Every structure is written in C-alpha cells, then in structure tokens.
Amino acid sequence: MNIKKRNEEIIKSFETMINTADIELAEKLVDSNAPFYTPASPEPLYGGKGYLSVVHWMRKSFSDVQWKIKDMAADENKVAVWWNLTGTHDGTFINFPPTGKKISVCVMNFYYINKEGKVINDVAAEGMIGIFRAIGAM
C-alpha cells in the first residue's frame, strides 16, 4: 500500500475512534507525545487519551455528537478531512446553555502523520464558528 492510501486508512480508523471513543484505537492511532488543544484546558492534552478528552468535552455539550468523513485528500505526511459534525445541543457549550437544537456543521481538519503512521497534530479550520452559528450563539 502506498503511503497516501495508508494515511487515508489511518483517518478512516480515526473516524471510528472518535465516534466510539475507543481508547485502545486512540493509543494505536495517536502518537503519545502529540499535543492537542481545546478551550476546556489551558494546557495541551497529549496522546490518544488526550485526544479523546477533546471528544468527551464535546459530548458534554452534544451527547450524540458524530463525525462523518465527507471527503479527504492525503499526501505523504498529512490528510485534509472535510467532516460533517452532527449532534444535539443538550449540554452547556462554552457558557452557552443547551438549546436542544440539532446541528449539522461542516468542519475542516488537517491531520499530520509521522513515519510510524501515528497522528502527531490536528489543526482545525474554524470549526467552532460553525458550531456557534448552529446553536444560535452568533
């Protein structure tokens, strides 16, 4: 398998990981030294467990949150993914009380993958703005 196809397969497994919060899969797919950032933590969170803490943070506000790959493009060390994020705003989201609104938001992320085939960085392109619009906070 060529490296671009390998990276696409990694992200397909990553989709399963975030939708199931599978810690074993997270440890397999995410480098233990990879830092992740969230508004819920002033310090970076590391590795698979750290990444899943971002997922759990989202689930506190959208208990049924799911990410579905709409499209992706891969090269040797990164994958751009166009996600459709869906869920119900049934918990407080960054000081915005639950509205009960069902949301469907397009989100773009860039995942950087090391030679060992593990995610080492995730850069989100303005996903929060879409979520704020969807819940009526903007």
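Residue numbers restart at each chain and count upward from 1, following the sequence in its written direction. Predicted model: local features are reported for residues with pLDDT of at least 70 only, side-chain atom pairs are reported and counted for 80 or more only, and whole-chain, interface and lining totals are derived from all residues. Excluding hydrogens and water, the side-chain values take into account all heavy atoms of the structure.

**Things to note about the environment of Met-17**
Definition in use: Runs of E in the DSSP output that reach at least two residues are strands. Runs of H or I that reach at least four are helices, and both are numbered from the N terminus. In this scheme, a residue with accessible area under 20% of its type's maximum is buried, one over 50% is exposed, and one in between is partly exposed, where area comes from a 1.4 Å probe on protein chains only. Here a residue-residue contact requires only that any non-hydrogen atoms of the pair lie within 4.5 Å.
Following the sequence through the fold, Met-17 ends up in helix H1 (residues 3-20). According to the relative accessible area criterion, Met-17 is buried, its value standing at 0%. C-alpha of Met-17 to C-alpha of Phe-132: the two residues are 115 residues apart in sequence and 25 Å apart in space. Those residues in contact with Met-17, other than ones at most four positions away along the chain, are Asp-22, Leu-25, Ala-26, Leu-29, Val-30, Tyr-51 and Leu-52.

**Focus on the packing of aromatic side chains**
Quick reminder of the rule: Note on ring pairs: Phe, Tyr and Trp rings are taken, using the six-membered ring of Trp, and paired if centres are within 6.5 Å. Classes follow the plane angle, with under 30 degrees stacked, over 60 edge-to-face and the rest tilted.
Tallied over the full model, the rule gives six aromatic pairs. With a centroid separation of 5.0 Å and an interplanar angle of 70 degrees, the aromatic rings of Phe-14 and Tyr-51 are classed as edge-to-face. Here Phe-14 is found in helix H1, whereas its partner Tyr-51 is found in helix H3 (residues 47-61), with 37 residues between them in sequence. What makes Phe-14 buried here is its relative accessible area of 0%. Judged by its relative accessible area of 8%, Tyr-51 is buried. Ring centres of Phe-36 and Tyr-51 lie 4.6 Å apart, and the angle between their planes is 85 degrees; on these two criteria the pair is classed as edge-to-face.

**Quick notes on the nonpolar core**
How we decide: Think of a nonpolar core as a cluster: buried Ala, Val, Leu, Ile, Met, Phe, Trp, Tyr and Cys residues, connected wherever their side-chain atoms sit within 4.5 Å.
Formed by 37 residues in total, the largest nonpolar core has its most connected members in Ile-11, Phe-14, Met-17 and Met-58. Residue assignment for this core shows that the elements contributing at least two residues are H1, helix H2 (23-29), H3, strand S3 (66-74), strand S4 (78-88), strand S5 (102-113) and helix H4 (127-134). If near-sequence neighbours (up to four positions away) are discounted, Met-58 is found in contact with Val-65, Trp-67, Leu-85, Phe-93 and Ile-131.

**Some words on unusual backbone geometry**
Of note in the backbone geometry, Ala-21 takes a positive phi value of approximately 55 degrees without being a glycine. Mapped onto the secondary structure, Ala-21 falls in the loop between H1 and H2. Residue classification places Ala-21 among the buried positions, given a relative accessible area of 18%. Residues other than glycine seldom take positive phi values, yet Asn-95 does so here, at roughly 70 degrees. With respect to the helices and strands, the residue Asn-95 is situated in the loop between S4 and S5.

**Quick look at the sheet that holds strand S6 (residues 119-125)**
Note the following rule: Any two strands between which DSSP finds at least two bridges are classified as paired. Angles here are taken between N-to-C directions and fall from 0 to 180 degrees, while the axes themselves are lines fitted to C-alpha atoms, restricted in helices to the stretch in contact.
Taken in spatial order, the four strands make up an open sheet running S3-S4-S5-S6, and their pairing is antiparallel. Whereas interior strands pair on both sides, the edge strands pair on one side only; in this sheet they are S3 and S6. Taken over all neighbouring pairs, the strand axes of this sheet differ in orientation by 30 degrees on average, direction set aside. Direction of pairing for S5 relative to S6: antiparallel, over a ladder of six bridges. Residue pairing for S6: Ile-113 is matched across the bridge by Val-119.

**Regarding the confidence of the model for the protein chain**
Operational definition: Per-residue confidence from the predictor is reported as pLDDT, a score between 0 and 100.
The share of residues in the protein chain with pLDDT of 70 or more is 97%, and the mean pLDDT across the chain is 92. Here H4 is the element of the protein chain with the lowest mean pLDDT, 76, and S3 is the one with the highest, 98.

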